[in-house]
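Next come the chains, spelled out residue by residue.
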Amino acid sequence: MPPETPSERRPRLTPAIADVRRAVRESLEALPASDDAPLVLVALSGGPDSLALAAATAFEAPRRGMRAGAVIVDHGLQHESAVVAARAAGQALDLGLDPVLVRLVQVDAGPGSGGPEAAARDARYAALDAVRRETSSVAVLLGHTLDDQAETVLLGLARGAGASSLHGMAPVSGVFVRPLLGIRRSTTVAACADAGLEPWLDPHNVDTSFSRVRVRQSVLPILERELGPGMAEALARTAEQLREDGDALDHMAQETIEEIVEHAEAGIAISVGALAANPAALRNRIIRHVVLSEFGVSLSRGQTLAAAALVTDWHGQKGVDLPGIRVVRVAGNLVFQAASDI
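Residues numbered from 1 in each chain as written. Predicted model: local features only at pLDDT ≥ 70, side-chain atom pairs only at ≥ 80, totals over all residues. Heavy atoms only, no water.

## Considerations on a negative patch on the surface
Move 1: Taken together, Glu240, Glu244, Asp245 and Asp247 make up a surface patch of like negative charges.
Move 2: Residue placement: Asp247 occurs in helix 9 (residues 231-260).
Move 3: According to the relative accessible area criterion, Asp247 is partly exposed, its value standing at 48%. (Patch = residues over 30% accessible without salt bridge, like charges linked within 9 Å, V, L, I, M, F, W, Y side chains within 5 Å. Areas by Shrake-Rupley, 256 points an atom, 1.4 Å probe, with all protein chains shown as cover. Salt bridge = Lys/Arg side-chain N within 4 Å of Asp/Glu carboxyl O. Lys, Arg positive; Asp, Glu negative; His and termini not counted. Charge placed at Lys NZ, Arg CZ, Asp CG, Glu CD. Helix = DSSP H or I, 4+ residues; strand = E, 2+ residues; numbered from the N terminus. Buried < 20%, exposed > 50% of the residue type's maximum accessible area, 1.4 Å probe, protein only.)

## Details of the sheet that holds strand 10 (residues 325-330)
Move 1: Taken in spatial order, the five strands make up an open sheet running 7-8-11-10-9, and their pairing is antiparallel. Strands with a single pairing partner mark the edges of an open sheet, and in this sheet they are strand 7 (261-264) and strand 9 (319-322). Strand-to-strand twist across the sheet, computed as the mean angle between neighbouring axes with direction ignored, equals 25 degrees.
Move 2: Alignment of strand 7 against strand 8 (residues 267-271), held across four bridges, turns out to be antiparallel. Along strand 8, the bridge assignment pairs His263 with Ile268.
Move 3: Sheet strands in contact with helix 9 are strand 7 and strand 8, and its direction is about 45 degrees off that of strand 7.
Move 4: Where helix 12 (residues 301-312) meets the sheet, it contacts strand 9, strand 10 and strand 11 (333-338), and its direction lies at approximately 165 degrees from that of strand 9. (Pairing = 2+ DSSP bridges. Axes fitted to C-alpha atoms, helices over the stretch in contact; angles between N-to-C directions. Contact = heavy atoms within 4.5 Å.)

## Considerations on the packing of aromatic side chains
Move 1: Evaluated as defined, the whole model comprises one aromatic pair.
Move 2: Where Tyr125 meets Phe176, the ring centres are 5.0 Å apart and the plane angle is 80 degrees; that geometry is what we call edge-to-face. Of this pair, Tyr125 sits in helix 5 (residues 116-135) while Phe176 is found in strand 6 (residues 176-177), placing the two residues 51 residues apart along the sequence.
Move 3: A relative accessible area of 11% places Phe176 in the buried class.
Move 4: When the ring centre of Phe59 is taken as reference, the NZ or CZ atom of Arg21 above it lies at 3.5 Å.
Move 5: When the ring centre of Phe59 is taken as reference, the NZ or CZ atom of Arg63 above it lies at 3.7 Å. (Phe/Tyr/Trp six-rings, centres within 6.5 Å; stacked < 30°, edge-to-face > 60°. Lys NZ or Arg CZ within 6 Å of the ring centre and 35° of its normal.)

## Observations concerning the sheet that holds strand 1 (residues 39-43)
Move 1: Within the open sheet, the six strands sit side by side as 3-2-1-4-6-5. Their pairing is mixed. Two strands in the sheet have a free side with no partner beyond their single neighbour: strand 3 (100-104) and strand 5 (172-173).
Move 2: Pairing analysis gives five bridges linking strand 1 to strand 2 (residues 67-74), with the strands arranged parallel. The partner of Val42 across the bridge, within strand 2, is Ala70.
Move 3: Here helix 4 (residues 81-94) sits on the sheet in contact with strand 2 and strand 3, set at roughly 175 degrees to strand 2.

## Details of the packing of helix 11 (residues 280-295) against helix 12
Move 1: Closest axis-to-axis distance for the helix 11/helix 12 pair is 10 Å, and the angle between their directions is 110 degrees. Classified by the interaxial angle, the pair formed by helix 11 and helix 12 is roughly perpendicular. The hand of the helix 11/helix 12 crossing is right-handed. On helix 12, the residues that touch Arg283, Asn284, Ile287 and Arg288 of helix 11 are Arg301, Thr304, Leu305, Ala307, Ala308, Val311 and Thr312. (Parallel < 35°, antiparallel > 145°, perpendicular 65-115°, else oblique. Left-handed = near helix turned anticlockwise from the far one by under 90°.)

## Looking at the packing of helix 8 (residues 211-227) against helix 9
Move 1: Viewed as axis vectors pointing N to C, helix 8 and helix 9 meet at an angle of 105 degrees, and their least axial separation amounts to 9 Å. Of the possible angle classes, the one that applies to helix 8 and helix 9 is roughly perpendicular. Here Leu220, Leu223, Glu224 and Leu227 of helix 8 come into contact with helix 9, specifically with Met231, Ala232 and Leu235.
Move 2: A per-class count over the contact of helix 8 with helix 9 returns six nonpolar, no polar and one charged. (Nonpolar A, V, L, I, M, F, W, Y, C, P; charged D, E, K, R; others polar.)

## Focus: the nonpolar core
Note on soluble globular proteins: their nonpolar side chains tend to be buried together.
Move 1: With 35 residues, the main nonpolar core has Leu28 and Leu97 as its most contacted residues.
Move 2: Broken down by secondary-structure element, the contributors of at least two residues to this core are helix 2 (15-29), strand 1, helix 3 (48-63), strand 2, helix 4, strand 4 (139-141) and helix 7 (185-194).
Move 3: If one sorts the elements of this core by residue count, helix 3 sits on top with seven residues.
Move 4: Leaving out residues up to four positions away in the same chain, Leu28 has contacts with Val40, Glu60, Ala61, Arg64, Met66 and Leu141.
Move 5: One finds Ile260, Ile270, Ala307 and Val327 within the second-largest nonpolar core, a separate group that totals 26 residues. (Core = buried A, V, L, I, M, F, W, Y, C linked by side-chain atoms within 4.5 Å.)

## Digging into unusual backbone geometry
Move 1: With an omega of 5 degrees, the peptide bond running from Asp98 to Pro99 counts as cis.
Move 2: Mapped onto the fold, Pro99 is located in the loop between helix 4 and strand 3.
Move 3: The backbone of Ser136 sits at a positive phi, close to 55 degrees, despite the residue not being glycine.
Move 4: Topologically, Ser136 is positioned in the loop between helix 5 and strand 4.
Move 5: In this structure Ser136 comes out as exposed when scored by relative accessible area, which is 59%.
Move 6: Positive phi, close to 50 degrees, is recorded for Ala331, a residue that is not glycine.
Move 7: Secondary-structure assignment places Ala331 in the loop between strand 10 and strand 11.

Shown next as structure tokens:
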């Protein structure tokens, strides 16, 4: 029997495959231009989302003058995880991706890790970035879909952490690119089926001990049933709109900081009058940005409001103690000092 030709191996172009390819093509075209053949990596778990992404990238990257590889992160948290990683690596090679790299990581889910989900995520992103640097790749493509975005928004809403928690995931976060944020999970499943690819089904994705799984299996279906279809799309649009607003306010805060923040002998000084003249959304961002950039401390909303009260509700109080920082009002300025310098 004669061997298959490339055209015979190529899957029939279906709507699902076309949608995923189009999304990948748009993301690749948005990457910085290069004279050589830059390398992009697909973060591949073997699940339907990342497998559909890998197949589309293998098709689109060469047509954009790019090389495409894959990196598989084995968290070592499940039985036979090494077998799953090796299977995903084999699928990547069959798709024509090169290089294909597998990285085993240690997940520290101890105190202060934020729980097993957060610990696994931190270990995964650290491994992906390390491989990106090793291979000098220009981007790592992640398989998050519109459904993932909707779930992220609902989880942020449940935490009540403010508007920033409702921004969801950005299409581009530094070197990490998410081409499929406008694609439904059902489309990636269909794309794999249409291409004859057999994705791995992660048992964690049906484990209701995880809050995201409960949102996926119960909360979103209830919202769709009670409020009508299109809830996932509506939540994703909300995230996009809030992210645009947040980006604009962050840019304004940075511009204002350059005008009103001064380095003082005792620390960092910000004019109380200038802070008071700005709306609360901008004032709070200025405080958070200054503390993060100067002291490396990320303030919670409550901590930010406590510092802002020295501007908006000052009645002679001496100051506020924040993690590693002391904020006092002196001669018309808010002065931020490292606690070790006091």
